[in-house]
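One-letter residues, chain by chain:
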Amino acid sequence: MLAQVSEFLWWERLWLPKDVSWSDLQDGDGLVYARPSHLYMALPCAFALLLVRYLFERYLASPLAEAWGIRDRRRLPPEPSRMLDAYFSHTSHCPSQAEVRSLCKKTSWSERRVQVWFRRRRNQDRAGLCKRFCEASWRCTFYLFAFLGGILALYDKPWLYTLRDAWEGFPKQSMLPSQYWYYLMEMGFYLSLLLSLTFDVKRKDFKEQVVHHIATLTLLAFSWASNYIRIGTLVMATHDCADILLEGAKILNYAKWKRSADAMFVVFTLIFALTRMVILPFWLIHCTWVYPVERFEPFFGYYFFNAMLVVLQVLHFYWGLLISKMLYKCLFSKLEGDERSDEEEEDRSDEEEEGRSDEEEEGRDPPKEGNQRLDHTTSCRPSCGLRHKDMTFQLL
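All values reported here derive from a predicted model rather than from experimental measurement.

Procedures and definitions
Residues numbered from 1 in each chain as written. Predicted model: local features only at pLDDT ≥ 70, side-chain atom pairs only at ≥ 80, totals over all residues. Heavy atoms only, no water. Patch = residues over 30% accessible without salt bridge, like charges linked within 9 Å, V, L, I, M, F, W, Y side chains within 5 Å. Areas by Shrake-Rupley, 256 points an atom, 1.4 Å probe, with all protein chains shown as cover. Salt bridge = Lys/Arg side-chain N within 4 Å of Asp/Glu carboxyl O. Helix = DSSP H or I, 4+ residues; strand = E, 2+ residues; numbered from the N terminus. Buried < 20%, exposed > 50% of the residue type's maximum accessible area, 1.4 Å probe, protein only. Phe/Tyr/Trp six-rings, centres within 6.5 Å; stacked < 30°, edge-to-face > 60°. Lys NZ or Arg CZ within 6 Å of the ring centre and 35° of its normal.

Enquirer: Give a detailed account of a nonpolar patch on the surface, specifying residues and quantitative values.
Expert: Together, Leu51, Tyr54, Leu55, Tyr59 and Leu60 make up a nonpolar patch on the protein surface, roughly 540 Å² of accessible area in all. Checked against the element boundaries, tyrosine 59 lands in helix 3 (residues 42-67).

So, in structure tokens, the structure goes:
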């Protein structure tokens, strides 16, 4: 049974054009071809990158955040309540007004007290500013080195300047050492992101991130096994250049360098639009759709590779819409946060209670609380007085 499944998975018609077999891609005469077995090294590479990331964030990014005065906001813990904690874990993180009233009857608490409890409990699950800074610093550093590595691997290759040359002699194209290391590092990085999704900062497009990482890994693995390496390196370099600017804008934003962050975000938007809305669909996807059929009949790998590129392009259109909204706010109004970020909630009640705690510690009488009413309709969305902006788009 397993032998039949393996035979089907490596059926030549799935991976290679007609009249080409695996025996035609045997190493010899100084030629080395990409093999699926090379991909096994991606997993050790992913774990190695996770270790490097841990060391980078602990010994470089964290001290840098402290030097720049980037600190997490003080958070007040919610009052102990088994009933509310069970409701939060199993029913809803943001109950409706009717549900709040029902919980008030069960706990004998006031509506305001229940709302404050849920707000503080939600804030406990949100990543702090230092964690966001460290994550952005690591990704910015990797994308920078990956892009530079991609340029070194491509600058002297003819297919960088003439896309038709990417298919010259396909699939009998020898693998270069620079291509091997470029692929290995990129696959290891995206596999490490997939492994660390549960620990990284969670945002509203969590499902889109999972789809994105799986599609990217599938695309890279298939392009390697089918010897689509030349076009694969072009796709990777096209994506890395914009991600450097995005993560750099986050770093500047967390460091409170607002004008520099906004300027870099504008530049990022322009590069994103150029590379992922113009170059990718009208140059690279066109290259993979049109030029191959001039040399061989379409086969399963041809359709599958292009389908994965289309999936990535659809995600780019989705993120492009969010970025355009961010750019509009950046240029014509106050940019308060990422369109998909899960921002920390705050209101006057928290600030007053923090101030009261500080005054009690200093031995001063806290001011009397006025008749303030917390509207539940605002308790489940970020306040207009956000203490930091978060341009944390997770892009390819």
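So much for the structure itself; the text now carries on.
Enquirer: How would you explain the pattern of salt bridges if you had to name every residue and give the values?
Expert: Tallying each qualifying case throughout the model produces 12 salt bridges. A salt bridge links arginine 113 to glutamate 79, with the shortest nitrogen-to-oxygen separation between them at 2.7 Å. Of the two residues, arginine 113 is situated in helix 6 (residues 111-124) and glutamate 79 in the loop between helix 3 and helix 4 (82-90); the sequence distance between them amounts to 34 residues. Note that lysine 250 and glutamate 247 form a salt bridge whose closest N and O atoms lie 3.1 Å from each other. With lysine 250 and glutamate 247 both in helix 10 (residues 229-254) and 3 residues apart, this pair spans about one turn of that helix. The class for lysine 250 is buried, based on a relative accessible area of 2%. Members of the salt-bridge network, linked through shared partners, are Arg53, Glu57, Glu135, Arg139 and Asp200.

Enquirer: Any chance you could break down the packing of aromatic side chains for me, citing the residues and the numbers?
Expert: Counting across every chain of the model gives 28 aromatic pairs. On the numbers, 6.4 Å between centres and 40 degrees between planes, the contact of tryptophan 138 with phenylalanine 142 is tilted. Highlighted residues: tryptophan 138 and phenylalanine 142, both in helix 7 (residues 129-154), separated by 4 residues, approximately one helical turn. As far as the burial class goes, tryptophan 138 and phenylalanine 142 line up, both buried. Centre to centre, the rings of phenylalanine 142 and tyrosine 143 are 6.2 Å apart; their planes meet at 70 degrees, and the pair counts as edge-to-face. Chaining the aromatic ring pairs together yields one cluster made of Phe56, Trp138, Phe142, Tyr143, Phe189 and Tyr190. The residue whose ring lies beneath arginine 113 is tryptophan 109, and the NZ or CZ to ring-centre distance is 4.0 Å.

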